[in-house]
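Residue strings, one per chain:
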Amino acid sequence: MDIEFSLALPREAIGIPMVRRVLGDSLRSLHVTENCVSDILLAVSEACGNAVRYGGPANRYQVEAAIGYGRCDVRIIDKGRGLMRMPERYPSPDLENGRGILIMRAVVDEIFFDIAPGQGTTVHLSKRLDVEEGARAPGRRELASV
Amino acid sequence: MAVVGEIDLYTAPRLQAEFARLLQESTTNLVVIDMSGVEFCDSTGMNVLLSALKRLRERGGALEVAGPRPAVRKILQVTGLDSVFTVHETVPEELLTAEPKA
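The rules behind each value
Along every chain, residues carry numbers that run from 1 in the direction the sequence is written. Each chain takes a letter, starting from A, and each ligand takes a number, starting from 1, following the order in which they are written. Local features are withheld for residues below a pLDDT of 70 in this predicted model, meaning they are given only at 70 or higher, and side-chain atom pairs are given and counted only at 80 or more; totals for whole chains, interfaces and linings count all residues. Excluded from the side-chain calculation are hydrogens and water; included are all heavy atoms of the structure. Confidence of the predictor at the level of single residues is given by pLDDT, which spans 0 to 100. Centre distance within 6.5 Å is the pairing criterion for rings of Phe, Tyr and Trp, where only the six-membered ring of Trp is used; planes under 30 degrees apart are then read as stacked, over 60 as edge-to-face, and the remainder as tilted. As a reminder, the over-ring test applies to NZ of lysine and CZ of arginine, requiring each to be within 6 Å of the ring centre and within 35 degrees of the ring normal. Residue contacts follow a heavy-atom distance rule, with two residues in contact if any of their heavy atoms lie within 4.5 Å. Once two parts are brought into contact, the accessible area they lose, counted with a 1.4 Å probe and summed over both, makes up the buried area. Note on definitions: salt bridges are taken to be side-chain nitrogens of Lys or Arg within 4 Å of carboxyl oxygens of Asp or Glu. Each helix is a run of H or I in the DSSP string that is no shorter than four residues. Each strand is a run of E no shorter than two, and both are numbered from the N terminus. Burial status follows relative accessibility: with a 1.4 Å probe on protein chains alone, a residue under 20% of its type maximum counts as buried, one over 50% as exposed, and anything between as partly exposed. Asp and Glu count as negative and Lys and Arg as positive, but His and the ends of the chain are not part of the count. Polar contacts, as counted here, are pairs of nitrogen or oxygen atoms within 3.5 Å of one another; within protein the pair requires one atom able to donate a hydrogen and one able to accept it, and residues that are adjacent in sequence qualify only if both atoms are side-chain atoms. Here a helix's expected span is defined as the number of its residues, less one, multiplied by 1.5 Å. We call two strands paired when DSSP finds no fewer than two bridges between them. Axes, fitted as lines to C-alpha atoms, cover a helix only where it is in contact. Angles between the N-to-C directions of the axes lie from 0 to 180 degrees.

Caption draft 1: Examining the confidence of the model for chain B more closely. On average, chain B scores 89 in pLDDT, and the residues at 70 or more come to 90%. Listed scores for the predicted complex are pTM 0.88 and ipTM 0.87.

Structure follows, in structure tokens:
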């Protein structure tokens, strides 16, 4: 099965749980394992959090997801100033910030940043999907009643 | 202290405020957080825990995490923070004191 969707969101934190709902429900309907789902949701939340915090002055940002062919690709697109700092290693425990990008790197297979200074940042996250054993065939969900 | 729900950029300020209240109202220097009801936590949640840990250490104390689900254990692991907080697999029952929700 091949699913694509795109969400245009206000640049506010309240939209981040909504992105997780839509993406999480889509992946779970396709019998993706819970570990794989939670890795993707973690990375996407981190990227959305960055878009909300640093994607100003624009007041919206966009999330585009494509699920299919055993992969999940998510693009988080903001129209901010495009000034994302790339940390090389995890900050010391004294520091409370700077972990988001490293967490993303740790839980997805591929990550690309397209940073256009003054015009915005696109983060592209890609992960191979692990599917529950015995649930390979799509459409196995049953109707509640007929 | 038990936290229930999802911790992210949206809910973290509430958790932060709850910690601030707890640390102001009480002189305790050991806080154990029951995270068994936390379905999701990202770096903003970790940041709240770290700032609480810092405050508690200033008092010579510590912050411990109990009962994390796999998703929470994963973020503790990838950030290396599982070696900064003491992580209990299960919740030590005698330590439960309050139950604010996030």
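Here the narrative resumes, following the displayed structure.
Caption draft 2: Summary view of the packing of aromatic side chains. Using the criterion set out here, one finds zero aromatic pairs over all chains in the structure. The ring of F40(B) carries the charged tip of R20(A) above its face, separated from the ring centre by 3.9 Å.

Caption draft 3: Main features of the interface of chain B and chain A. Facing 21 residues of chain B, the contacting portion of chain A comprises 27 residues. Buried area between chain B and chain A, both sides added, is near 1900 Å², and the carbon and sulfur share of it is 61%. The interface formed by chain B and chain A holds four salt bridges in total. Across the pair R20(A) and D8(B) runs a salt bridge, and its minimum N-O distance is 2.9 Å.

Caption draft 4: Focus on the side chain of D42(B). Of note, D42(B) is situated in the loop between β2 (30-41) and α2 (43-58). An unpaired buried charge is present at D42(B): no salt bridge exists, and R20(A), the closest side chain of opposite charge, is 5.0 Å distant. Side chain to side chain, D42(B) and T44(B) meet in a polar contact 2.5 Å long.

Caption draft 5: Structural view of helix α1 (residues 15-29) of chain A. All names here are of chain A. Given a rise of 1.5 Å per residue, 15 residues ought to cover 21 Å, and the 21 Å separating the end C-alpha atoms of α1 matches this to within 8%. When α1 is considered as a whole, its buried residues turn out to be G15, I16, P17, V19, R20, L23, G24, S26 and L27. Remark: H31 follows α1 within two positions and exhibits a positive phi of approximately 65°.

Caption draft 6: Focus on the sheet that holds strand β3 (residues 62-66) of chain B. All names here are of chain B. Strand order in this open sheet of four strands is β1-β2-β3-β4, and the pairing throughout is parallel. The sheet terminates laterally at β1 (2-7) and β4 (86-88), the two strands that pair on one side only. Sheet twist, expressed as the mean angle between neighbouring strand axes with direction ignored, is 35°. Where β2 meets β3, five bridges bridge the pair, whose relative direction is parallel. Bridge pairing in β3 places V32 opposite E64.

Caption draft 7: Looking closely at the pattern of salt bridges. A full pass over the atoms with the stated rule returns eleven salt bridges over all chains. For the salt bridge of E34(A) with R28(A), the shortest nitrogen-to-oxygen distance reads 2.9 Å. Of the residues examined, E34(A) reaches a relative accessible area of 42% and is grouped as partly exposed. Of the charged contacts in the structure, one is a salt bridge between D130(A) and R128(A), with a shortest N-O distance of 3.6 Å. Residue D130(A) is classed as partly exposed on the basis of its relative accessible area, which comes to 34%. Here the salt bridges share partners, and the residues they tie into one network are R20(A), R21(A), E6(B) and D8(B).

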